[in-house]
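Letter by letter, the chains look like this.
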Amino acid sequence: MPAFGDPRARLVLVGLAPAAHGGNRTGRLFTGDESGNFLFRALHAVGLSSLPASRHSQDGLRLQGALLTAACRCAPPGNRPMPEEFARCRGYLERELKLVAGPHVLVALGALAFEQSLRALRDAGPGPSPRPRFAHGVRVEVGPHTLYGSYHPSQQNTFTGKLTQKMLRAVLRRAIREAESS
């Protein structure tokens, strides 16, 4: 599944993979499911999305100043990619990051997307040592790039309150400020 959004953006949002009943069905990441509804509400609230919901690929939604991509390109069995699937798909993420000009600010949605983002950035320069651990709101510099971590907007996280709109918007606002100043 291709990336979606502004190819000139300095802010890159990295998800895990298209959901079988969301992005895989609709043709756009985080579209047509509850995770997407939660994410696009936050993106709209902070000025990155033209609409507060992503219903289908022809709904007129545009991302402004952001590119949305995924660490894995196809809906994985059991909704959890295996290491070999990540390895097969990593080249796509690496190429997308090279196509977007200048240093990037990335927001990884979930621990697995965070780990895969670190791996995709390894050619950009030395990463921090020791290897950073994922946490919501963590900020890591990798060469000229900055990577933020956020809990994934899955129903498991949002229905339990592990991730709230306020929490996600706070990370997005920090990332936007940094992307605009770089």
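Our subject is the structure that appears above.
Residues numbered from 1 in each chain as written. Predicted model: local features only at pLDDT ≥ 70, side-chain atom pairs only at ≥ 80, totals over all residues. Heavy atoms only, no water.

Is there a simple way to explain the packing of aromatic side chains in this structure?
The relative placement of two aromatic rings is captured by the distance of their centres and the angle of their planes. In total, this model carries two aromatic pairs according to the counting rule given. One aromatic cluster is present, built from ring pairs that chain together F114, F134 and Y151. Here R95 stacks its cationic end above the ring of Y92, 5.2 Å away from the centre of that ring. Lying across the ring of Y151, K162 places its NZ or CZ 4.7 Å from the centre. (Phe/Tyr/Trp six-rings, centres within 6.5 Å; stacked < 30°, edge-to-face > 60°. Lys NZ or Arg CZ within 6 Å of the ring centre and 35° of its normal.)

Is there a simple way to think about the pattern of salt bridges in this case?
For side chains bearing opposite charge, pairing can occur when the charged atoms are close. The full count for this structure, using the stated rule, is six salt bridges. A salt bridge links R122 to E94; its shortest N-O distance comes to 3.2 Å. Within this pair, whereas R122 is found in the loop between α4 (111-120) and β5 (139-142), its partner E94 is found in helix α3 (residues 83-99), the two being separated by 28 residues in sequence. Take E94: its relative accessible area is 16%, and that puts it in the buried class. Between R139 and E178 there is a salt bridge, with the nearest N and O atoms lying 2.7 Å from each other. (Salt bridge = Lys/Arg side-chain N within 4 Å of Asp/Glu carboxyl O. Helix = DSSP H or I, 4+ residues; strand = E, 2+ residues; numbered from the N terminus. Buried < 20%, exposed > 50% of the residue type's maximum accessible area, 1.4 Å probe, protein only.)

I keep staring at the side chain of T31 and nothing clicks. Help me out?
Within the secondary structure layout, T31 lies in the loop between α1 (23-26) and α2 (34-45). Polar contacts involving the side chain of T31 include one to the side chain of S54, which spans 2.6 Å. (Polar contact = N/O pair within 3.5 Å; in protein donor to acceptor, adjacent residues only side chain to side chain.)

Would you mind showing me how to read the sheet that holds β5 here?
Sheets are built from strands paired through backbone hydrogen bonds, the pairs being either parallel or antiparallel. Pairing within the open sheet is mixed, and its six strands lie in the order β1-β3-β2-β4-β6-β5. Among the strands making up the open sheet, the edge pair consists of β1 (4-5) and β5. Bridge count for β1 against strand β3 (residues 66-70) is two bridges, and the pairing is antiparallel. Each residue of the ladder has a partner; that of G5, found in β3, is L67. (Pairing = 2+ DSSP bridges.)

Teacher, can you tell me more about the nonpolar core here?
The nonpolar side chains of a soluble globular protein tend to be buried, and buried together. Of all hydrophobic cores here, the largest spans 28 residues; its most connected members are L11, L43, L68, V107 and L168. Looking at this core, the elements with two or more residues in it are β2 (11-15), α2, β3, β4 (105-109) and α6 (165-181). The element that contributes the greatest number of residues to this core is α6, accounting for six residues. With residues near it in sequence (within four places) discarded, L168 still touches F38, L39, A42, L109, H136, S150 and L163. Membership of the second largest hydrophobic core comes to 15 residues, among which are L93, L118, A120 and L147. (Core = buried A, V, L, I, M, F, W, Y, C linked by side-chain atoms within 4.5 Å. Contact = heavy atoms within 4.5 Å.)

Please explain the packing of α3 against α4 as it appears in this structure.
Packed helices, taken two at a time, are described by the angle between their axes plus the distance between the axes. With their axes 9 Å apart at the nearest point, α3 and α4 run at an angle of 65° to one another. Our pair here, α3 against α4, has a crossing hand that is right-handed. Of the residues in α4, those touching α3 at F86, R90, L93, E94 and L97 are L112, Q116, S117, R119 and A120. Split by residue class, the contact of α3 with α4 holds five nonpolar, two polar and three charged. (Axes fitted to C-alpha atoms, helices over the stretch in contact; angles between N-to-C directions. Left-handed = near helix turned anticlockwise from the far one by under 90°. Nonpolar A, V, L, I, M, F, W, Y, C, P; charged D, E, K, R; others polar.)

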